[in-house]
Amino acid sequence: MTSRIDQDQVQHVASLAKLSLDDNQLKYFTTQLDDIIGLFETLSEVDTDGIKPTSSVSDQINVMREDVADNWGQRDELLANAPEAENGYIKVPVIIDESEDEDRYELF
């Protein structure tokens, strides 16, 4: 069986996601992703001639509520539960930062 994805490709994707994989994890995820790609290849072999494309499996249309902003008046309670807050914002560590500054925080 030929591999559809190799360890170098998995390592590249992991580095893009800022994940560190040890050798065992790299082998595990390479095998797992190869199996997943194989499932898609199997699906592509299914004869779908004469089958109408499906855009929805339900006959219900737009059953979601309207998206309306509402002030619940719970700002102070929310900030009281936050580990750190400043000037009415929650203070969180920076997740994606190219500066390599360990103690950098952003306000949200």
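Below: a short report on this structure. (Residues numbered from 1 in each chain as written. Predicted model: local features only at pLDDT ≥ 70, side-chain atom pairs only at ≥ 80, totals over all residues. Heavy atoms only, no water.)

Next up on the list: helix H2 (residues 23-44). With 22 residues, H2 ought to run about 32 Å at 1.5 Å a step, and its terminal C-alpha atoms sit 32 Å apart, in line with that. Buried residues along H2 sit against helix H1 (7-16). Among the residues of H2, the N-terminal cap falls to Asp22, whose side-chain oxygen and the backbone nitrogen of Asn24 are separated by 3.1 Å. (Helix = DSSP H or I, 4+ residues; strand = E, 2+ residues; numbered from the N terminus. Expected span 1.5 Å × (residues − 1). Contact = heavy atoms within 4.5 Å. Polar contact = N/O pair within 3.5 Å; in protein donor to acceptor, adjacent residues only side chain to side chain.)

Another aspect to go through is unusual backbone geometry. Unlike most non-glycine residues, Lys18 shows phi in positive territory, near 55°. The residue Asn87 is not glycine, and still its phi comes out positive at about 55°. Taking the relative accessible area as the measure of exposure, Asn87 reaches 66% and is therefore exposed. (Buried < 20%, exposed > 50% of the residue type's maximum accessible area, 1.4 Å probe, protein only.)

It is worth spelling out the packing of aromatic side chains at this point. Applying the stated criterion across every chain, the model contains one aromatic pair. Summarising the aromatic geometry, the rings of Tyr28 and Phe29 are spaced 5.2 Å apart at their centres and angled 70° between planes, so their arrangement reads as edge-to-face. (Phe/Tyr/Trp six-rings, centres within 6.5 Å; stacked < 30°, edge-to-face > 60°.)

This part takes up the pattern of salt bridges. Taken as a whole and judged by the stated rule, the model has three salt bridges. Asp34 is the partner of Arg4 in a salt bridge, and the nearest nitrogen-oxygen pair spans 3.5 Å. Placement of Arg4 in the segment before H1 and of Asp34 in helix H2 is noted, with a sequence separation of 30 residues between them. The class of Arg4 is partly exposed, set by a relative accessible area of 29%. Given a relative accessible area of 5%, Asp34 falls into the buried group. A salt bridge links Glu86 to Lys91, with the shortest nitrogen-to-oxygen separation between them at 3.4 Å. On the basis of relative accessibility, which here comes to 24%, the residue Lys91 falls in the partly exposed class. (Salt bridge = Lys/Arg side-chain N within 4 Å of Asp/Glu carboxyl O.)

Keep in mind that these numbers describe shape and distance, not what the molecule does.
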